[in-house]
Protein chains: 2
Amino acid sequence: MKNKRITIKDVAKHAGVSISTVSRFMSNPDSVSEKLGEKIQKTIEKLNYHPNRIARSLRTGTTKLIGFLIPDITNPAFLLIVKGAEDYLKKRGYSFILGGANHSVKEETKLFKTLISQNVDGFIFIPSGNQNDELAEFLKLHNLKMVFVDRRYEEINAPYIGVDNTGGVEKMVDYLVRTGCKSFVYLCGEKTSSARERLEGFLKGVSKNRIKDYQILQGEFTFESGYNLVKKLENIPDAILGGNDLMAFGAIEALKEKGLSIPEDVSVTGFDDMFFSKYYKPALTTVRQPIYEMGKMAGRVLFTILSGKKIRKMNYILDTEIIIRDSSK
Amino acid sequence: MKNKRITIKDVAKHAGVSISTVSRFMSNPDSVSEKLGEKIQKTIEKLNYHPNRIARSLRTGTTKLIGFLIPDITNPAFLLIVKGAEDYLKKRGYSFILGGANHSVKEETKLFKTLISQNVDGFIFIPSGNQNDELAEFLKLHNLKMVFVDRRYEEINAPYIGVDNTGGVEKMVDYLVRTGCKSFVYLCGEKTSSARERLEGFLKGVSKNRIKDYQILQGEFTFESGYNLVKKLENIPDAILGGNDLMAFGAIEALKEKGLSIPEDVSVTGFDDMFFSKYYKPALTTVRQPIYEMGKMAGRVLFTILSGKKIRKMNYILDTEIIIRDSSK
DNA sequence: TTGTAAGCGTTATCAT
DNA sequence: ATGATAACGCTTACAA
């Protein structure tokens, strides 16, 4: 059963040429005479030869491996980003080592080092939070080929691909004001750059529209958090904006339990436009992010870096879109 | 900026020993005298030396990389399996290269070869369908270290970790009969081993309970498919069993549009117990699979194989659990 | 155009 | 207990 591996040597011997000719043929077929080229090609096929990536990597210093670090491997939104990047980069010969940090800054640091020890050529990184001092220090030291997607460390000098969180929420406030809402509650997610940007959008929105009657509730990006926050809310406003769709769903459930109807009594909106949001009762009005495109762009930017070219800018901010459904007037 | 990589040579030179001593110290500290061991350890720390995995791989023939091939990178259920396996194997020094086949048999074959060319030590595989003859042929030829999870090719001789699909649906039929249902419709998913096993469970269930009034509708594992199938259903039965939760949701929507109430007019059940199923209106009665545990078991079995030990059995079938919520009487 | 040989950073075999 | 050295499979000067 000992299936001896076929190497470039075997091909060379069978084709009656030297191994360098075979190697040269593979990287640039034109650099070999037509006659030998054909013979080599035939031999490669006959022996079913596949070059050993490891040996090649050792020699060239490149592995064609990309490390992709995300907060939670189980969240479809993150994986849609991964998919975008993968679709772009796999065409170019790269594979992905994926790591999920379970939202833990400690695991994140560890995973990062593991990926590095696997000699990945580059990194795509969605941070779990923005408090990872150890990792930030490490990044400053190492100067890796890396891009941030969706979230970032502001103090690290690496390209960032994200969406216009601020503008998205601001647009939503505008829309709600137009439909007649006068009092607002904003459900803010935990400390990440996007949570902060969304909050900023809310603030801009209320200020621009001269809304004085608003409240900001601090929570987490989960169903339960949205539910709990709204459950203990005393004065129900005209509109509740969830920091993401999950929080909005939680808010909706809490409101239902209070006997309120949506959108008659209160408009509820989200941010993300998850797969389920259109099927929810009521179907959720929300801010859609071009998640897949974000990933694709991240792949593109990283590829540019890996190719040794200069990138045009450090921040790639994609636009959002307001999706109006039944949870708002 | 040319950060020259620190190699075993540097450590040897600084510590005043030969490289073989350093190497030996790393793989087995006791094989080196205490005095030298300490000196080497100090030097390693001082220089912040990390062995080059690529070089090691070339020499030892092992990469500590696992290939994980799934039908759809965007489906949280598959990723929960991945997570289970990852949690088990990352403790043991393995990283994952993840590939999503987009439910395409063609992409699947290609990805498989890509992963092999990355010299992964082992494979965990959730097939996209069971029609991939080319891949099956390839697998027979290559005799890789691999396990199937969730779905399998019956003709390939590799361990399989799955759930008792048959028993799960059978239990559900029993339960529905007990609540008084007399006529049934089963919404069957596309051709995979688990779809077949679930259908078998339905058939066993109706036969055991002497139910004559039943119908099987062939579709796909999607919301839309469940919706369409039920939409054009003429005689509404007492119970509709979805091949998975998504199909059940689709069925529920179609029934609502027909003006029927659930569960008063008809009971609807699913299979999976997705994250959302408990929040759906009505909350879905379904068969829960221990998905995470499945992944963990897959990691365990693969690890056993990679360690060169014999495994006890070829099939690891985990139990399911009936979750009763509001979509059934 | 083709071949020879050095070298990538390890581990493992064999002396010492 | 320690050290030389070959070998893993490939790429790439350099020589022919």
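(A) Fine view of the overall build of chain A. The number of helices and strands found in chain A is twelve helices and twelve strands. Relative to the 2.2 N^0.38 estimate, which gives 20 Å for 329 residues, the radius of gyration of chain A is 26 Å and therefore markedly larger than a compact globule would have. C-alpha extents for chain A along the principal axes are approximately 85 × 40 × 40 Å. Relative to its full complement of 329 residues, chain A shows a buried share of 54%. Element-wise, carbon and sulfur atoms account for 51% of the exposed surface of chain A, whose accessible area totals about 15400 Å². The distance from the centre of the 50 positive side-chain charges to the centre of the 39 negative ones in chain A is 10 Å.

(B) Quick peek at the protein's contact with DNA strand C. Inspection of the region around DNA strand C gives 24 residues, with Ser 20, Thr 21, Ser 33 and Arg 59 of chain A together with Arg 59 of chain B positioned closest. The sugar-phosphate portion of DNA strand C accounts for 59% of its atoms within 4 Å of the protein, the bases making up the rest. Here Ile 8 of chain B contributes a backbone N or O atom positioned 2.8 Å from a phosphate oxygen of DNA strand C. In this structure, a phosphate oxygen belonging to DNA strand C sits 3.1 Å away from a main-chain N or O atom of Asn 52 of chain B.

(C) Seen up close, the packing of helix α5 (residues 76–90) of chain B against helix α12 (residues 291–306) of chain B. Residue and element names in this part refer to chain B. Running from amino to carboxyl end, α5 crosses α12 at an angle of 45°, the nearest separation of the two axes being 7 Å. Our classification of the angle between α5 and α12 gives oblique. In terms of crossing hand, the pair formed by α5 and α12 is right-handed. Residues Ala 77, Leu 80, Ile 81, Lys 83, Gly 84, Ala 85, Asp 87, Tyr 88 and Leu 89 of α5 touch α12, and the partners they reach there are Ile 291, Tyr 292, Met 294, Gly 295, Lys 296, Gly 299, Arg 300 and Phe 303. Considering only residue class, the contact of α5 with α12 consists of ten nonpolar, three polar and four charged.

(D) Representation of the interface of chain B and chain A in the model. Listed per partner, the contact involves 46 residues of chain B and 46 residues of chain A. Together chain B and chain A conceal approximately 4000 Å² of surface at their shared face, both sides included; 56% is due to carbon and sulfur atoms. By the criterion of area lost to chain A, the three top residues of chain B are Ile 54, Phe 276 and Tyr 279 of chain B, representing 16% of everything that side buries. At the junction of chain B and chain A, the tally comes to four salt bridges. Seen at the junction of chain B and chain A, the total is twelve residue pairs in polar contact (both at pLDDT 80 or more). Elements that contribute at least two residues to the side of chain B that touches chain A include exactly α4 (53–60), α5, β2 (95–100), α6 (105–117), α10 (223–231) and α11 (245–257) of chain B. Element by element, the count of residues in the side of chain B that touches chain A is highest for α5 of chain B, at eight residues. Residues belonging to the side of chain B that touches chain A are distributed by class as follows: 21 nonpolar, 13 polar and twelve charged.

(E) Inspection of the side chain of Glu 197 of chain A at higher detail. Inspection of the secondary structure puts Glu 197 of chain A in helix α9 (residues 193–208). Setting aside anything within four residues of it in sequence, one finds Glu 197 of chain A in contact with Arg 152, Tyr 160, Val 163, Asn 165 and Thr 166 of chain A.

(F) Inspection of the relation of the copies chain B and chain A at higher detail. If you rotate chain B by 180° and push it 0.1 Å along the axis, it lands on chain A with an RMSD of 0.2 Å. Both chain copies can therefore be described as sitting about a two-fold axis. Within chain B, the C-alpha atom positioned nearest to the axis of rotation is that of Ile 97 of chain B, 2.1 Å from it. In this assembly the copies share their binding face: 100% of the residues contributing to the interface of chain B also contribute to that of chain A.

(G) Layout of the protein's contact with DNA strand D. DNA strand D sits among 23 residues. The nearest are Ile 8, Tyr 49 and Arg 59 of chain A together with Thr 21 and Ser 33 of chain B. The sugar-phosphate portion of DNA strand D accounts for 60% of its atoms within 4 Å of the protein, the bases making up the rest. Within the backbone of Ala 55 of chain A, a nitrogen or oxygen atom sits 3.2 Å from a base nitrogen of DNA strand D. In terms of residue class, the surface near DNA strand D is made up of ten nonpolar, nine polar and four charged.

(H) Region of the structure containing the packing of aromatic side chains. One pass over the full model with this rule turns up 39 aromatic pairs over all chains. Ring centres 3.8 Å apart and planes at 25° place the aromatic pair Phe 223 of chain A and Tyr 279 of chain B in the stacked group. Taken together, the residues span two chains, with Phe 223 of chain A in helix α10 (residues 223–231) and Tyr 279 of chain B in the loop between β9 (267–272) and β10 (285–288). By relative accessible area, Tyr 279 of chain B is classed as buried at 11%.

(I) Region of the structure containing the sheet that holds strand β12 (residues 321–323) of chain A. All names here are of chain A. Taken in spatial order, the six strands make up an open sheet running β7-β6-β8-β9-β10-β12, and their pairing is mixed. Among the strands making up the open sheet, the edge pair consists of β7 (214–218) and β12. This sheet shows a mean twist of 20° between the axes of neighbouring strands, independent of strand direction. Where strand β8 (residues 239–242) lies against strand β9 (residues 267–272), three bridges are found, and the strand directions are parallel. Its bridge partner lying in β9, Leu 241 is registered against Thr 269. Those strands touched by helix α8 (residues 165–178) are β6 (184–188), β8, β9, β10 (285–288) and β12, and its axis lies near 160° from that of β9.

(J) How the structure looks around the environment of Gln 118 of chain B. Examined against the element boundaries, Gln 118 of chain B turns out to sit in the loop between α6 and β3 (122–125). Once the C-alpha coordinates of Gln 118 of chain B and Leu 36 of chain B are considered, the two residues, 82 residues apart in sequence, prove to be 37 Å apart. Among all residues touching Gln 118 of chain B, those that are not within four sequence positions of it are Arg 53, Thr 63, Lys 64, Leu 65 and Ser 95 of chain A together with Thr 63, Leu 65 and Ile 97 of chain B.

(K) Spatial organisation of the nonpolar core. Among the nonpolar cores identified, the biggest contains 59 residues, and Phe 68 and Ile 124 of chain A together with Phe 68, Ile 124 and Ile 161 of chain B are the most heavily contacted of them. In terms of residue count, α12 of chain B provides more of this core than any other element does, eight residues in total. Setting aside residues up to four positions removed in sequence, Ile 124 of chain B forms contacts with Ile 66, Gly 67, Phe 68, Leu 69, Ala 85, Leu 89, Phe 96, Val 147, Val 149, Ala 298 and Leu 302 of chain B. The next biggest cluster of nonpolar side chains, apart from the first, holds 50 residues, and it includes Met 247 and Tyr 280 of chain A together with Val 230 and Val 268 of chain B.

(L) Inspection of the side chain of Asp 174 of chain A at higher detail. Mapped onto the fold, Asp 174 of chain A is located in helix α8. The residues contacting Asp 174 of chain A, other than those within four sequence positions of it, are Lys 208 and Asn 209 of chain A.

Conventions used here
- Residues numbered from 1 in each chain as written.
- Chains lettered and ligands numbered in written order.
- Predicted model: local features only at pLDDT ≥ 70, side-chain atom pairs only at ≥ 80, totals over all residues.
- Heavy atoms only, no water.
- Helix = DSSP H or I, 4+ residues; strand = E, 2+ residues; numbered from the N terminus.
- Rg over C-alpha atoms; globule rule 2.2 N^0.38 Å.
- Buried < 20%, exposed > 50% of the residue type's maximum accessible area, 1.4 Å probe, protein only.
- Areas by Shrake-Rupley, 256 points an atom, 1.4 Å probe, with all protein chains shown as cover.
- Lys, Arg positive; Asp, Glu negative; His and termini not counted.
- Charge placed at Lys NZ, Arg CZ, Asp CG, Glu CD.
- Near = heavy atom within 4 Å.
- Polar contact = N/O pair within 3.5 Å; in protein donor to acceptor, adjacent residues only side chain to side chain.
- Axes fitted to C-alpha atoms, helices over the stretch in contact; angles between N-to-C directions.
- Parallel < 35°, antiparallel > 145°, perpendicular 65-115°, else oblique.
- Left-handed = near helix turned anticlockwise from the far one by under 90°.
- Contact = heavy atoms within 4.5 Å.
- Nonpolar A, V, L, I, M, F, W, Y, C, P; charged D, E, K, R; others polar.
- Buried area = accessible area lost by both parts, 1.4 Å probe.
- Salt bridge = Lys/Arg side-chain N within 4 Å of Asp/Glu carboxyl O.
- Least-squares fit on C-alpha atoms with pLDDT ≥ 70 in both.
- Phe/Tyr/Trp six-rings, centres within 6.5 Å; stacked < 30°, edge-to-face > 60°.
- Pairing = 2+ DSSP bridges.
- Core = buried A, V, L, I, M, F, W, Y, C linked by side-chain atoms within 4.5 Å.

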